Amino acid sequence: MIGLPFVYILAGLTFLAFAVLSLRDGTNPKRWGNGAFWALLALSMLAGDRLGDFGNGLLVLALVAIAGTGQLGRGSGGTTPEVRAARAAQHGNRLFLLALVIPATALAGTFGFEHLPGLVNPKQVTLVSLALGALLALVIGLAWLRPHPAAPLQEGRRLMDSVGWAAILPQMLASLGAVFALAGVGDVVGQLMSSVIPEGSRFGAVIAFTLGMALFTMVMGNAFAAFPVMAAAIAVPVLIRQYGGDPAVVCAIGMLAGFCGTLMTPMAANFNIVPAALLELKDRNAVVWAQVGTALPLLAVNTLFIWWFAF
Amino acid sequence: MSEMWLLSGIAVMVLGFVLRFNPLLVVVAAAAVTGLSAGLDLQAIVSAFGKAFNDTRYVSVVWIVLPVIGLLEAHGLQERARGLIAGLKGATTGRLLTGYLLIRQLSSALGLTSVAGHAQTVRPLVAPMAEAAAEGQTNLTDDEREHVKAMSAATDNVGLFFGEDIFIAIGSILLMVGFLEQQGIILSPFQLSVWAIPTAFAAFLIHGFRLWRLDRRLGQKEAGQ
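Just so it is clear, the structure is predicted and the values come from calculations on it, not from any experiment.

### A short note on the overall build of chain B
A tally of helices and strands in chain B yields 11 helices and 0 strands. Along the chain direction, N to C, the helices and strands of chain B fall in the order α-α-α-α-α-α-α-α-α-α-α. What you see for chain B is a C-alpha radius of gyration of 22 Å, clearly larger than the 17 Å of a compact globule of 225 residues, by over 25%. Principal axes of the C-alpha set define a box for chain B whose edges measure 65 × 45 × 35 Å. Counting only residues that meet the buried cut, chain B has 56% of its 225 residues in that class. Nonlocal contacts in chain B, meaning residues at least 24 apart in sequence, comprise 74% of its contacts between residues at least 6 apart.

Written as structure tokens, this is what we have:
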């Protein structure tokens, strides 16, 4: 059955190519740092299951040491705007069709593999379809545009270098969440929150729940980590059992209050920091600032929704 | 009171981000401080972090789309996206992003969350289109250009977050069903997911209103010149 192992091999080979091309990039003064960084990530993807927990931990420390001491750089080069404009005129709107191959394959795979049981692991069908889409688009692109065979990897490496260390920040934060869980950080936060609920005020309890969801999500970078803590501390004992609130309304909208927190924190790196790197923004928190104006009113609306609909 | 020391990792995170240290260093420091205050030794902390890092590799898989995106960009995808929008009469940043918000919310509500995203659609298509539309509205300053790009990424996030929970088989819905079951409350995913609909409408109205105001700001500047 095709599943995550296949995707990890593909990702490992991609990072390995980035590492080799980085080492050979004479325009990058820090090419050794880049090469080592992507090579370690390739090792993690290809052989992570064989390194052992402590081995993987050392691998992470090595990645952090390279990035934290400023050993990642960027090379120059690439196509000029004039060349790209000329090529854009030559290829026209068919470029969009090729760009849509990845989403179209992800779409077709998500629905299609349901009808071919046993071929793809159903829990991992989305990631497998995304990987197949990337491969398919690459094959079509090579056949149609006829670039130098190494060109896609070279261009990919250039984009990867512009993302830099931010590429592994989401994975690092997810791992930190696991350490927090192991240490029992959530229980302490839950106790703290349940002690600040104003006695006898239903609306106060609703505010404590939605605000707590948003704040703890901002700390953890992930509403999934905040929900069990806040629901066990406030939603179930107070809103549902004491005041008789509808559990479906309280939980569903409470989770969305947490999502408002996700919009306002650099800890949600894959949504907020990675796009700032991908779009080459000067302020790495620019996306967070752009989202605060939507997140705060929406948090207030979610609080009112629970108050109106749950009781 | 000694339990409060467990929160020291959170303090490290906040302080590290405020002081703008490299976030990777901050994360490792927070993990170390939290682990130590929970009574773990250093080797146990390194192992726990390593195991979690290995278990969450799927988070970093998205980068495999970069070679295709890079190839397309080298052949003028962004330029073509700009050209298409520049040729459309009445295309404004706000209208364009509002349309994208709607598509992203609807497709996420159908469970198609990976169809779009920052690497797949925002960088190669949405941001250059929004930029081109803004260039048609005014002489963009550097700050305005940054803001238009940041709003493109923000619009993708808002559309994803406040669409996906309408789909019954999404992770957060399944998490809630499992959690409530442990608490002795039995709900079906559908009972939870319908309650994501009011917030989805509210998110569209609030973010749409902000995009409309962005248009007014970009458009007004031209009239003032």
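### Examining the interface of chain B and chain A
The partner chain A presents 112 residues to the 98 residues of chain B that form the contact. Split into classes, the residues belonging to the side of chain B that touches chain A amount to 62 nonpolar, 25 polar and 11 charged.

### Section: the packing of helix α10 (residues 202-220) of chain A against helix α12 (residues 247-262) of chain A
All names here are of chain A. Between α10 and α12, whose axes approach to 7 Å, the crossing angle comes to 40°. Judged by the inter-axis angle, α10 sits oblique to α12. Taken as a pair, α10 and α12 cross one another with a handedness that is right-handed. Between α10 and α12, the contacting residues are F209, T210, M213, A214, L215, T217 and M218 on the first element and G254, A257, G258, C260, G261 and T262 on the second. Grouping the constituent residues of the contact of α10 with α12 by class yields 7 nonpolar, 6 polar and no charged.

### Let's talk about the domain arrangement of chain A
Residues and elements named next belong to chain A. On domain assignment, one finds that chain A holds domain 1 (4-167) and domain 2 (184-309). For domain 1 and domain 2, the distance between their C-alpha centroids amounts to 33 Å. Facing the 4 residues of domain 1 at the interface are 6 residues of domain 2. A breakdown of the residues in the side of domain 1 that touches domain 2 according to their chemical character gives 2 nonpolar, 2 polar and no charged.

So, how was this worked out
- Residues numbered from 1 in each chain as written.
- Chains lettered and ligands numbered in written order.
- Predicted model: local features only at pLDDT ≥ 70, side-chain atom pairs only at ≥ 80, totals over all residues.
- Helix = DSSP H or I, 4+ residues; strand = E, 2+ residues; numbered from the N terminus.
- Rg over C-alpha atoms; globule rule 2.2 N^0.38 Å.
- Buried ≥ 20, exposed ≤ 12 C-beta atoms within 10 Å, placed from the backbone.
- Contact = placed C-beta atoms within 7 Å.
- Nonpolar A, V, L, I, M, F, W, Y, C, P; charged D, E, K, R; others polar.
- Axes fitted to C-alpha atoms, helices over the stretch in contact; angles between N-to-C directions.
- Parallel < 35°, antiparallel > 145°, perpendicular 65-115°, else oblique.
- Left-handed = near helix turned anticlockwise from the far one by under 90°.
- Domains from an automatic or database assignment.

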